Amino acid sequence: MKITVSKEDYLKAIAEAEAEGEPVIAATLAKWLGVSPPAVTMSTRRLKRDGLIEADPGGHLRLTGEGRKIADRILNRHHLIERMLVEVFGMEWYKVHDEAERLEHAVSEDFEKLLVRKLGDGAACPHGNQAEVYPPAERRRRGWTTLDEARAGGALEVVSVYERDRKLLEFLDGIALRPGASLELVARNYDDTISFRVGGRMSQLSSAVARKVWVKPA
Ligand SMILES: [Zn+2]
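Quick caveat, the model's predicted, so the values are computed rather than measured. (Residues numbered from 1 in each chain as written. Predicted model: local features only at pLDDT ≥ 70, side-chain atom pairs only at ≥ 80, totals over all residues. Heavy atoms only, no water.)

1. Brief notes about the domain arrangement of the protein chain
If you check the domain split of the protein chain, you get domain 1 (7-63), domain 2 (67-119) and domain 3 (136-217). Each of domain 2 and domain 3 was reduced to a C-alpha centroid, and the two centroids are 26 Å apart. Both sides of the domain 2 and domain 3 interface together cover about 790 Å² of buried area, and 58% of this is carbon and sulfur. It is Trp93, Tyr94 and His97 that lose the most area in domain 2 upon contact with domain 3, and together they represent 76% of the buried surface on that side. Where domain 2 meets domain 3, there are one salt bridge. Among the salt bridges present, the one from aspartate 98 reaches arginine 166, with a minimum N-O distance of 3.1 Å. At the junction of domain 2 with domain 3, the criterion picks out four residue pairs in polar contact (both at pLDDT 80 or more). Elements with a minimum of two residues in the side of domain 2 that touches domain 3: helix H4 (65-88) and helix H5 (96-103). Split into classes, the residues belonging to the side of domain 2 that touches domain 3 amount to two nonpolar, two polar and three charged. (Domains from an automatic or database assignment. Buried area = accessible area lost by both parts, 1.4 Å probe. Salt bridge = Lys/Arg side-chain N within 4 Å of Asp/Glu carboxyl O. Polar contact = N/O pair within 3.5 Å; in protein donor to acceptor, adjacent residues only side chain to side chain. Helix = DSSP H or I, 4+ residues; strand = E, 2+ residues; numbered from the N terminus. Nonpolar A, V, L, I, M, F, W, Y, C, P; charged D, E, K, R; others polar.)

2. Considering the pairing of strand S7 (residues 201-206)
Pairing geometry for strand S6 (residues 193-198) and S7, over six bridges, is antiparallel. Bridge assignment links arginine 197 to a residue of S7, and that residue is methionine 202. The antiparallel hairpin formed by S6 and S7 contains two residues in its connecting segment, where glycine 199 sits at a positive phi of about 55°. (Pairing = 2+ DSSP bridges.)

3. A short note on the pattern of salt bridges
Tallied over the entire structure, the rule returns 19 salt bridges. One connected set of salt bridges, linked through shared partners, spans Lys12, Glu101 and Glu104.

4. Quick look at unusual backbone geometry
Here the phi dihedral of alanine 176 falls at roughly 65°; this positive angle occurs in a residue that is not glycine. Tracing the backbone through its elements, the reader meets alanine 176 in the loop between helix H8 (166-174) and strand S5 (182-188). Overall, alanine 176 belongs to the partly exposed group, its relative accessible area being 23%. Although it is not a glycine, aspartate 192 adopts a positive phi angle of roughly 70°. The residue aspartate 192 is located in the loop between S5 and S6 in this model. (Buried < 20%, exposed > 50% of the residue type's maximum accessible area, 1.4 Å probe, protein only.)

Now the structure itself:
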């Protein structure tokens, strides 16, 4: 449980929930940020007053242009911190999201420039996500699918994984299912699991977990 949830956290959560294709309502934010619904109500009221978000009559929240600018800036910093931790310090890829959640708020513009100079622009984060978040429709347009929907037979490559769930990341790491890994979907089973070969080994996943992994034809 976080002690304080900043304006930046809210705006970033709205941008990310959009990118995951989840309806962005107060309940989604409460779940994502680990805060109570009344706290969300209070904060979203303030964000609306500041012109950073808008709500439709159904309670769906949307970033305004100004709100999106702040969310993009913090997402970009999150992304750079994750890359720094893996590429410069060799931290395990499944640990860096949590670390970046804390550090992203402390990055100054100067430090951000140095990070870009050191790491270069445009690469994906250690979870395979781009600094600009692509909604599911955009990913499908690029020919990516979630692993539960992939066709059996034929080589696949992991593009990205859902990064907000540390236990999921550790689990995937344990079966060598990481961004860039090649795999082959072998069978779709009657019990709603899939069988696949990755790193020379057979593994199985429930479709609920497979849905959190994006793949493309290798
Ligand atoms: Zn990431």
